[in-house]
Amino acid sequence: MKFSTIASLLALASTAFASQCKDPLKRQEWRTLSGLEKFAYLAAVRCLQSIPAKSTATVPGAISRFDDFSGNHILQTDTIHFVGVFQPWHRYYVAQYEKALRQECGYFGAQPYWDWSLDATSEANFLNSPVFKSLFGFGGNGPYVASAPVVSAPFDIPGRTGGGCVTDGPFANQMLHVGPGYSVTPASYCLRRDINPSLVMRTLNASVVANTLAQPDFKNFDMALQGGITLDTFTIHGGGHLGVGGTYGTIADIYSSPGDPLFFLHHANLDRIWAKWQSASPAARLVDISGPTTQFGPPFGNALNTANVTLAFPISLGVIAPAVTIGDVMNTQGNTLCYTYV
Ligand SMILES: *[C@@H]1O[C@H](CO)[C@@H](O)[C@H](O)[C@H]1NC(C)=O
Ligand SMILES: *[C@@H]1O[C@H](CO)[C@@H](O)[C@H](O)[C@H]1NC(C)=O
Ligand SMILES: [Cu+2]
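Within any chain, residue numbers begin from 1 and follow the written order of that chain's sequence. Lettering of chains starts at A and numbering of ligands starts at 1, both following the order in which they are written. In keeping with the model being predicted, local features are shown solely for residues with a pLDDT of at least 70 and side-chain atom pairs are shown and tallied solely at 80 or more, while totals for entire chains, interfaces and linings include all residues. Heavy atoms throughout the structure, all of them, feed into the side-chain values; hydrogens and water do not.

1. Details of the overall build of the protein
To be explicit about the condition: For the purposes of this entry, the term helix denotes a DSSP run of H or I that reaches at least four residues, the term strand denotes a run of E that reaches at least two, and both are numbered from the N terminus. Each radius of gyration reported is based on C-alpha atoms, and the globular scaling rule is 2.2 Å times the count of residues to the power 0.38. Exposure is judged per residue with a 1.4 Å probe applied to protein chains only, and the accessible area is read against the type maximum: over 50% gives exposed, under 20% gives buried, and values in between give partly exposed. Any two residues whose heavy atoms approach within 4.5 Å are treated as being in contact. A 1.4 Å probe and the Shrake-Rupley method give the accessible areas. Residues count as covered only by the protein chains that appear here. Under the convention used here, Asp and Glu are negative, Lys and Arg are positive, and both His and the chain ends fall outside the count. Throughout, a charge is located at the NZ atom of Lys, the CZ atom of Arg, the CG atom of Asp or the CD atom of Glu.
Tallying secondary structure elements over the protein gives 11 helices and 6 strands in all. Here the C-alpha radius of gyration of the protein, 20 Å, is about what a compact globule of 342 residues would show, namely 20 Å. Across its three principal directions, the C-alpha atoms of the protein cover 80 × 45 × 40 Å. Within the span of the protein, comprising 342 residues, buried residues form 53% of the whole. In the protein, the share of contacts with a sequence separation of at least 24, taken over all contacts with a separation of at least 6, comes to 70%. Carbon together with sulfur atoms contributes 61% to the accessible area of the protein, which is approximately 14,000 Å² in total. For the protein, the distance from the average site of its 21 positive side-chain charges to the average site of its 22 negative ones is 7 Å.

The following block contains the structure:
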């Protein structure tokens with residue numbers, strides 16, 4: 001074959017495979033945003049909490065677009081956690097939240113992430129994290145309460161420090177309308193946090209992240225990231241939820257955790273870690289997916305190696321967004337998604 005033919009074939013191939021993603025949104029760590037950028041993000045979340053829901057047919061309790069996101073997470077909880085689609089589903093979900101903030105609430109930025117390993121250097125540093133600030137943050141812990149209405153599947157983890165309603169920052173005394181647990185019928189209860197600094201220190205530190213990134217294939221990466229469902233086996237996913245949510249906090253509720261706006265910064269960081277793992281060996285890892293189609297682990301009663309998900313496996317978000325496949329969201333800069341982490 002003549003060189004010119006090869007060159008034109010290559011040109012053709014690169015055109016065919018060139019993604020439509022030309023100008024990816026740059027997702028930044030919360031503390032690197034300016035005060036104005038933080039304010040713009042928080043204001044956009046407040047906006048999402050104030051514009052009308054679209055999912056009332058399936059989520060009767062939903063009042064706002066923010067509730068649409070929590071409600072659809074609740075409806076799908078049992079098919080999107082401790083399964084192979086966990087990371088792809090949450091990647092698509094966070095991207096649709098980012099899109100709603102931009103298209104429906106006039107936000108010009110990208111979804112920020114929270115790299116908790118920067119704060120999990122000491123218990124005091126963690127409690128001082130920029131994400132917990134009243135001004136330019138999401139507000140802090142709830143005041144300590146001995147007990148509160150329980151979330152679904154509560155973990156009574158030694159070391160909890162809060163449990164009361166969040167009383168400072170932009171989400172002070174924020175009322176939630178779907179949940180707790182798997183309820184999607186009309187409700188009104190407060191956003192709670194119940195920070196557990198000792199749990200944070202052993203689940204969200206830099207060496208746990210490094211161990212996750214060191215895994216050789218998606219199966220092991222995903223198991224390292226999702227961790228187990230017992231106190232001793234939580235890793236970075238469970239650590240973010242239960243380290244901030246403790247026993248009584250909203251973000252500890254496996255069903256209605258997106259009621260805490262920090263959910264989206266936590267999951268963006270998990271997504272960043274996946275994207276970083278993928279970028280270390282893109283040819284193999286942009287197509288490496290596995291994990292069971294039904295929930296694994298002891299409480300769910302399924303073996304780890306039931307049928308694996310594939311790139312063709314569907315991802316649905318109810319009324320939030322069109323259905324896609326896992327293959328559509330493997331690349332954060334493909335034809336479906338267009339963002340990068342900085
Ligand atoms: C980080 O977490 C691991 C796993 O829980 C733990 O063994 C280690 O001591 C922790 N490191 C620090 C500095 O806390
Ligand atoms: C699922 O995929 C993993 C990783 O590729 C593999 O080890 C396992 O045998 C597969 N399980 C089944 C049931 O095919
Ligand atoms: Cu989830």
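Still more ground to cover, so stick around.
2. Regarding the state of the cysteines
The test is simple: Note that a disulfide, as used here, is simply two cysteine sulfur atoms within 2.5 Å.
With the rule as written, the count across this model stands at 3 disulfides. Each sulfur in the disulfide pair C47 and C105 lies 2.0 Å from the other. Judged by the torsion about the S-S bond (-80 degrees), the C47/C105 disulfide is left-handed. Highlighted residues: C47 in helix α2 (residues 35-48) and C105 in helix α4 (residues 86-105), separated in sequence by 58 residues.

3. Let's talk about the coordination of the copper ion (ligand 3)
The criterion, for reference: Think of the donor list as every N, O and S atom within 2.8 Å of the metal, or within 3.2 Å for Na, K and Ca; water never makes the list, so a site can look incomplete.
In the first shell of the copper ion (ligand 3), the protein supplies H73 (NE2), H81 (NE2) and H90 (NE2), at 2.0 to 2.1 Å from the metal. Considered as a linear motif, the donors of the copper ion (ligand 3) on their single chain read H-x7-H-x8-H. The same class applies to H81 and to H90, which are both buried.

4. Some words on the site of ligand 1
Quick reminder of the rule: Residues are labelled near a given molecule or strand when at least one of their non-hydrogen atoms is within 4 Å of it. Any pair of nitrogen or oxygen atoms within 3.5 Å is treated as a polar contact; in protein, a donor-acceptor pairing is required on top of that, and neighbouring residues in sequence qualify only through side-chain atoms on both sides.
Around ligand 1, the surrounding shell consists of M201, R202, N205, S207 and V208. Residue R202 places a main-chain N or O atom 2.7 Å away from an oxygen atom belonging to ligand 1. Contact distances for ligand 1 include 2.4 Å between an oxygen atom and a side-chain N or O atom of N205. If ligand 1 stood free it would expose 360 Å²; the protein chains cover 39% of that surface. Taken together, the elements giving at least two residues each to the shell around ligand 1 come down to α6 (197-203) and α7 (206-213).

5. Section: helix α9 (residues 236-245)
An α-helical turn contains 3.6 residues, so a residue and the one three or four places further along point in the same direction. Within α9, 10 of the 10 residues are buried, which leaves the element mostly enclosed by the surrounding structure. Every buried residue of α9 is accounted for by I236, H237, G238, G239, G240, H241, L242, G243, V244 and G245. Each element contacted by the buried residues of α9 is listed here: α4, α5 (123-127), α6, α7, α8 (218-226) and α10 (262-279).

6. Examining the confidence of the model for the protein
Worth spelling out the cut-off: Predictor confidence is given residue by residue as pLDDT, running from a minimum of 0 to a maximum of 100.
In the predicted model, the protein carries a mean pLDDT of 92, and 91% of its residues have values of at least 70. Contacts of residues 9-16 to residues separated by more than four positions or lying in other chains number 1 contact, the stretch itself having pLDDT below 50.

7. Topic: the layout of surface pockets
For clarity, the threshold we go by: Using a 1 Å grid laid over the protein atoms alone, points where a 1.4 Å probe fits but cannot get out form a cavity; open sets with protein on both sides within 12 Å along at least 5 of 7 lines form a pocket; any residue with an atom within 4 Å of a point counts as lining. Grid points are joined across faces, edges and corners, and a volume is the space filled by probe spheres set on the points. Residue classes follow a fixed rule: Ala, Val, Leu, Ile, Met, Phe, Trp, Tyr, Cys and Pro count as nonpolar, while Asp, Glu, Lys and Arg count as charged, and any other residue, Gly among them, counts as polar.
Size it by volume and the second largest pocket reaches roughly 270 Å³. Along the walls of the second largest pocket sit 13 residues, with A95, E98, K99, T336 and C338 positioned nearest its centre. For the lining of the second largest pocket, the residue count by class is 7 nonpolar, 3 polar and 3 charged.

8. Considering a nonpolar patch on the surface
This is how the line gets drawn: Patch definition: residues above 30% relative accessible area lacking any salt bridge, with like charges linked at up to 9 Å and the nonpolar side chains Val, Leu, Ile, Met, Phe, Trp and Tyr linked at up to 5 Å. For this document, the term salt bridge refers to a Lys or Arg side-chain nitrogen within 4 Å of an Asp or Glu carboxyl oxygen.
A grouping of F39, L135 and F136 is seen on the molecular surface, where their side chains present a nonpolar patch of about 340 Å² in accessible area. Position of F136 among the secondary structure elements: in the loop between α5 and β2 (175-176).

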